[in-house]
Structures are given as C-alpha cells and as structure tokens.
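Analysis of the macromolecular model
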Number of protein chains: 2
Amino acid sequence: MSFPKSIETLVTEFMKYPGVGRKTAERFVFYTINNMDIESTKNVADALINMKKNINHCKLCNNLTDDEICSICKDEKRDASTILVVESPKDVFSIEESANYKGLYHVLNGVLSPADGIGPEEINIKSLWDRVTNKLVKEIIIATSSTQEGETTALYIKRVLQDLDLTVSRIGYGVPVGLNLEYADNLTLSKAIENRKKI
Amino acid sequence: MSFPKSIETLVTEFMKYPGVGRKTAERFVFYTINNMDIESTKNVADALINMKKNINHCKLCNNLTDDEICSICKDEKRDASTILVVESPKDVFSIEESANYKGLYHVLNGVLSPADGIGPEEINIKSLWDRVTNKLVKEIIIATSSTQEGETTALYIKRVLQDLDLTVSRIGYGVPVGLNLEYADNLTLSKAIENRKKI
C-alpha cells in the first residue's frame, strides 16, 4: 500500500523544492496533518499564491517588489548618484542586510553567457544605459560575481559605459574577513594578492 | 530594507515547517519566484488544501485515508485474523513499505503517558477492544515503540485483552540487521540478549 492519494500528491509537490527529498517531503506532510489546522494550512497556500501573483520587477532597477517601484528606488534618502549593479534580486537583499551601502541598485537578472545563448539583449543592460544617461549618476559599482561570466559581464558593462562621464568600479574580491589563509582557495588567494592595498 | 511583504509572509509560513530555517525558507521562496509558474504554484497550494480537507482517520483502524475506510481495511485479501497495533499512521506506511505483513492494523494515535495526562481514553484502545471481540481475530501483535511509554501501552493492552481467547504478542526488539555490535546502544543490546533465540 502507498499513501492515500491526497498525501502522495502533496509529497510530490513538496519534492519540487530544492533540497527536499522524499523523507523531508513526508515530514512536511505529516507535520501539516498533525500540527496544523485548516486555517494555518490555508495561510501557507494563500501566502504562496499571493506572493506569486503580487511579486514583480521594479520598473526602474528590476529588483523584486510588490509595487511598480521598489522601496529602495522610492526612498528619497538614498544616494541617487551611485548605482550598484548585481546579478539577481537576492544579491540586493544580501547587500542590504550586511553592508552600509546607501546608493541605488540595478539588477541584471542574469549574466552574459554566450555559451548558453545569453547575450546583452537577454539581461537588463539596456535599461542600465537608460538610467546612467541621466545626469545624476556619478558612479557605477559592478558587483557581479567573480566567475568567468560575472567578469565578462563586468567588462562588457565597463566598455558600454566608457565614453560617459562617470566612474565605473568593481567591488573588491579577496580573502573573506575572519578566514584563516590556509582555508582560502587558490583563485581567491591570487585575487587577494592582485587586489593588495598599500598600508 | 527587508524583503517585499509578499516574500516576507511566505518566508514566515515556510519557516513553520520542521527543519526549515530562514535560509531554507528563502531558498524555497526564490525557487517559487524563479523556477515555478503560477500554475505549478497553484498546484502546491491546492495539494495542501485538498490534503488537509480530505484526509481523515479510517473508521475501523484509525489509519489515515481519503475515504471512510482505508485501503488496507477494504482489501479482502488481507488476513483479518491478525491485527498489528501501532502508535501512528506513519508506522503503518513504514511497515507496509518494508515488511511482508499481510494482516490488518490498528492505529492508537498516541501512547499512554500518565505524566502528560494521556490515559486509555485519549488513545484508540476502546475501538481496539470493539474490534477484537469480533470472533475473526486470532492474534494481536503490539508494535508500539521500545520506549517507556510504548512498553507501558503494550502491557496495558495485554492486560485489557488477557481474558479473551487470542494470542497477544510483541514485535521483536534487538540489534538492527547489518549493524555492527559496537554501534548498538546498551538498551538495545540488553533487549537483544533478552530476546535471544535457540539456533
């Protein structure tokens, strides 16, 4: 005998999520049966549908938002002269959580990857161009990841913007703060040496 | 800045599930945003609600079922003379998956635990009595777990049924098959010695 159909269906649905195998999905289902009433089960279902229906990309920076314009672009206290370019909305939230950055963002929603057929048209580079031709912008900080695609994308953006009167910079890569050198990988170490600073 | 409200709400809902911390919940939400369309998101939500609405306890054995009577109790090929008593529906599915058991089940939905105020009235012992007074039943196999509460429950059931003309047995406890002796805990080892068999 297998599970009743309603359980089996829900197990299969939960297994769609990353890192959720059969045992974990079954634990979620039995938790729903034993520890949640119909009301709190509905809350989960509603939160899923509402999020999927309401979430969209900010018309200015492509960050995720429930509105037309995201809360960062709306915030008049942010420094509109600096735009930090990231690959994905998740990067925006990571930087907001940790760093003391007070400028605006631009989310590419991807990186250039010719091998996968992802060229400049497939990511939000045109809209970045539209934003920086605005006189307010003085600096573009490129924070794409330190992978081959991330570097290619950074170089491409630098080239596109090179004739404009603004500073284009790249965030620093190196050994993470607090990490013992012996645990850093070779690439990170060579980047760290390359990015050395006079003290 | 924190996440947009619709994301934050869903993160909080996912975090209700066992073993799901903030990072995992965020991963589920971003997976929903990036890898699922509205249709498959609805499938998850519907599966949740449907399961919670349809699932209930079998009128005979208390196992989980979408119907009045579970598929095991309905199955006329099963041996109605043997009833295996377990603590929870999950135990039924575990035994069905692994073992070659062809009889029926009885789900207690709990164990006796006087310290927590759980007496015979709180678990399905009365309905077991009603079933075994049926002439068909010849053997009751008690498979409650090998904890203090599980043992107390097994002893209680044995006492309740002792005047009836049927065999009451307990499943064997001992060293798991394939486990090296040095990894077995003391209690399991002493149980294994107690349950020794002449060879």
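What counts as what
- Residues numbered from 1 in each chain as written.
- Chains lettered and ligands numbered in written order.
- Predicted model: local features only at pLDDT ≥ 70, side-chain atom pairs only at ≥ 80, totals over all residues.
- Heavy atoms only, no water.
- Salt bridge = Lys/Arg side-chain N within 4 Å of Asp/Glu carboxyl O.
- Helix = DSSP H or I, 4+ residues; strand = E, 2+ residues; numbered from the N terminus.
- Least-squares fit on C-alpha atoms with pLDDT ≥ 70 in both.
- Contact = heavy atoms within 4.5 Å.
- Pairing = 2+ DSSP bridges.
- Right-handed = clockwise from strand over helix to strand, strands pointing away.
- Buried < 20%, exposed > 50% of the residue type's maximum accessible area, 1.4 Å probe, protein only.
- Arc of directions from axis to C-beta.
- Core = buried A, V, L, I, M, F, W, Y, C linked by side-chain atoms within 4.5 Å.
- Buried area = accessible area lost by both parts, 1.4 Å probe.
- Polar contact = N/O pair within 3.5 Å; in protein donor to acceptor, adjacent residues only side chain to side chain.
- Axes fitted to C-alpha atoms, helices over the stretch in contact; angles between N-to-C directions.

**Observations concerning the pattern of salt bridges**
All names here are of chain B.
- For the structure on display, the rule yields 20 salt bridges over all chains.
- Between Arg78 and Glu96 there is a salt bridge, with its nearest N and O atoms 2.8 Å apart. With a gap of 18 residues between them, Arg78 in the loop between helix 4 (71-74) and strand 3 (79-86) and Glu96 in helix 5 (residues 89-98) connect regions that are remote in the sequence.
- As a salt-bridge pair, Lys126 and Asp130 come within 3.1 Å of each other at their nearest N and O atoms. Of the two residues, Lys126 and Asp130 are both situated in helix 6 (residues 126-132); the distance of four residues between them amounts to about one turn of the helix.

**Quick word on the relation of the copies chain A and chain B**
- Between the two copies, chain A and chain B, the superposition gives an RMSD of 0.1 Å; the rotation angle is 180 degrees and the shift along the axis is 0.0 Å. On this basis, the relationship between the two copies can be described by a two-fold rotation axis. Scanning chain A for the C-alpha nearest the rotation axis identifies Ala45 of chain A, at a separation of 2.2 Å.
- When the interface residues of chain A are mapped onto chain B, 100% of them again lie at the interface, so the same face is used by both copies.

**Looking at the pairing of strand 5 (residues 139-142) of chain A**
Residue and element names in this part refer to chain A.
- Of the strand pairs in this sheet, strand 3 (residues 79-86) and strand 5 are connected by four bridges, and their pairing is parallel. Across the sheet, Val85 pairs through a bridge with Ile142, a residue of strand 5.
- Examined bridge by bridge, strand 5 and strand 6 (residues 167-170) share four bridges and lie parallel to one another. Following the sheet pairing, Ile140 is matched in strand 6 by Val168.
- This β-α-β element, strand 5 to helix 7 (residues 148-161) to strand 6, shows right-handed connectivity.

**A short note on unusual backbone geometry**
Residues and elements named next belong to chain A.
- Its identity as a non-glycine residue notwithstanding, Asn109 has a phi of 55 degrees, on the positive side.
- Within the secondary structure, Asn109 is located in the loop between strand 4 (103-107) and helix 6 (126-132).
- Residue Asn109 is classed as partly exposed on the basis of its relative accessible area, which comes to 34%.

**A closer look at helix 5 (residues 89-98) of chain A**
- Taken together, the buried positions of helix 5 of chain A are occupied by Pro89, Val92, Phe93, Ile95 and Glu96 of chain A. An end-on view of helix 5 of chain A places all buried positions within 165 degrees of arc, on one side of the element. Seen from the buried face of helix 5 of chain A, the exposed residues on the opposite side, beyond 90 degrees, are Glu97 and Ser98 of chain A.
- In this structure, the buried residues of helix 5 of chain A make contact with strand 2 (64-65), helix 4 (71-74), strand 3 and strand 4 of chain A together with helix 2 (22-35) of chain B.

**Focus: the nonpolar core**
- Counting residues in each nonpolar core, the largest one holds 40 residues, and the members touching the most others are Ile7 and Phe14 of chain A together with Ile7 and Phe14 of chain B.
- Secondary structure elements with two or more residues in this core: helix 1 (5-14), helix 2 (22-35) and helix 3 (38-54) of chain A together with helix 1 (5-14), helix 2 and helix 3 (38-54) of chain B.
- When near neighbours in sequence (up to four residues on either side) are disregarded, Ile7 of chain B contacts Met51, Ile55 and Leu64 of chain A together with Val29 and Ile33 of chain B.

**Some thoughts on the interface of chain A and chain B**
- Tallying the contact residues gives 50 residues for chain A and 50 residues for chain B.
- Here chain A and chain B share an interface that buries about 4,900 Å² over both sides, 75% of which is from carbon and sulfur atoms.
- Counting across the interface, chain A meets chain B through two salt bridges.
- Lys90 of chain B serves as the salt-bridge partner of Glu26 of chain A, at 3.2 Å between the closest nitrogen and oxygen.
- Counting across the chain A and chain B interface gives 16 residue pairs in polar contact (both at pLDDT 80 or more).
- Taken together, the elements giving at least two residues each to the side of chain A that touches chain B come down to helix 1, helix 2, helix 3, strand 2, helix 4 and helix 5 of chain A.

**As for the sheet that holds strand 4 of chain A**
All names here are of chain A.
- Strands sit in the order 4-3-5-6 across an open sheet of four strands; the sheet is parallel. The sheet terminates laterally at strand 4 and strand 6, the two strands that pair on one side only. Strand-to-strand twist in this sheet, taken as the mean axis angle between neighbours without regard to direction, amounts to 25 degrees.
- With five bridges joining them, strand 3 and strand 4 adopt parallel strand pairing. Looking at the pairing, Asp79 lines up with Gly103 of strand 4.
- Against the sheet, helix 7 contacts strand 3, strand 5 and strand 6, and its axis sits at roughly 170 degrees relative to strand 6.

Geometric descriptors of this kind do not, in isolation, establish any biological role.
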